[in-house]
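Read off the chains here:
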Amino acid sequence: MAFTPLHDRVLVRRVESDEKTAGGLIIPESAKEKPAEGLVISVGAGAKDDDGDRIAMDVKEGDKILFGKWSGTEVTIDGEELLIMKESDIMGIIA
């Protein structure tokens, strides 16, 4: 993939949710919610502070993250639907 986010932006692939409930019921496509979990594909170099120094990113490539339901901008890169969001839209890293 030939895409690198700039500054404090992160490229994320959504983690697909289960198609069945815990009780075994199949969830139809129309009733599924978009998952708020994702896998970090690529990160920018970090924002700059007032002195021009880079602020290190807290997430790195390969991290599994939790983000807000309406976070990010959907983009299609190499035929794959991904999200670009600011690091501040990420709520946390899932261990």
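Attention in this report is confined to the structure presented alongside it. Values in this document were obtained by computation on a predicted structure and should not be read as measured data. (Residues numbered from 1 in each chain as written. Predicted model: local features only at pLDDT ≥ 70, side-chain atom pairs only at ≥ 80, totals over all residues. Heavy atoms only, no water.)

### Thoughts on the pairing of strand E4 (residues 73–77)
Link 1 in the chain: Judged from the five bridges that link them, E4 and strand E5 (residues 80–86) form a sheet pairing that is antiparallel. Its bridge partner being in E5, Glu 74 is matched across the sheet by Leu 83.
Link 2 in the chain: Hairpin connection of E4 to E5: two residues between the antiparallel strands, including Asp 78 at a positive phi of 55 degrees. (Pairing = 2+ DSSP bridges. Helix = DSSP H or I, 4+ residues; strand = E, 2+ residues; numbered from the N terminus.)

### Details of the sheet that holds strand E3 (residues 64–67)
Link 1 in the chain: One open sheet holds the six strands; their spatial order is E4-E5-E1-E2-E3-E6, and the pairing between them is antiparallel. Two strands bound the open sheet, and with one partner strand each, they are E4 and strand E6 (90–94). With strand direction ignored, the average angle separating the axes of adjacent strands in the sheet is 45 degrees. (Axes fitted to C-alpha atoms, helices over the stretch in contact; angles between N-to-C directions.)

### Examining the environment of Gly 46
Link 1 in the chain: Assignment of secondary structure puts Gly 46 in the loop between strand E2 (37–43) and E3.
Link 2 in the chain: Its relative accessible area of 0% is what places Gly 46 among the buried residues.
Link 3 in the chain: Spatially, the C-alpha atoms of Gly 46 and Pro 5 are 9.6 Å apart, while their sequence positions differ by 41 residues.
Link 4 in the chain: Residues in contact with Gly 46, not counting those within four places in the same chain, are His 7, Asp 8, Arg 54, Ile 55 and Met 57. (Buried < 20%, exposed > 50% of the residue type's maximum accessible area, 1.4 Å probe, protein only. Contact = heavy atoms within 4.5 Å.)

### Focus: the nonpolar core
Link 1 in the chain: Formed by Val 10, Val 12, Val 40, Met 57, Val 59, Ile 65, Phe 67, Leu 83, Met 85 and Ile 90, the largest nonpolar core amounts to 10 residues.
Link 2 in the chain: Within the residue set of this core, elements represented by two or more residues are strand E1 (9–14), E3 and E5. (Core = buried A, V, L, I, M, F, W, Y, C linked by side-chain atoms within 4.5 Å.)

### Focus: the side chain of Ser 71
Link 1 in the chain: Residue placement: Ser 71 occurs in the loop between E3 and E4.
Link 2 in the chain: With relative accessibility at 12%, the residue Ser 71 sits in the buried group.

### Points about the environment of Asp 78
Link 1 in the chain: Looking at where Asp 78 falls in the secondary structure, it is placed in the loop between E4 and E5.
Link 2 in the chain: Considered as a pair, Asp 78 and Ala 2 are 76 residues apart in the sequence and their alpha carbons are 8.9 Å apart.

### Observations concerning the pattern of salt bridges
Link 1 in the chain: All chains considered together, the criterion is met by five salt bridges.
Link 2 in the chain: Here Lys 64 and Glu 37 are joined by a salt bridge, their closest N and O atoms 3.5 Å apart. Of this pair, Lys 64 sits in strand E3 while Glu 37 is found in strand E2, placing the two residues 27 residues apart along the sequence.
Link 3 in the chain: The exposure class assigned to Lys 64 is partly exposed, which follows from its relative accessible area of 33%.
Link 4 in the chain: You can call Glu 37 partly exposed: its relative accessible area is 30%.
Link 5 in the chain: Here Asp 63 ties to Lys 60 by a salt bridge, and the two come within 3.1 Å at their closest N and O atoms. (Salt bridge = Lys/Arg side-chain N within 4 Å of Asp/Glu carboxyl O.)

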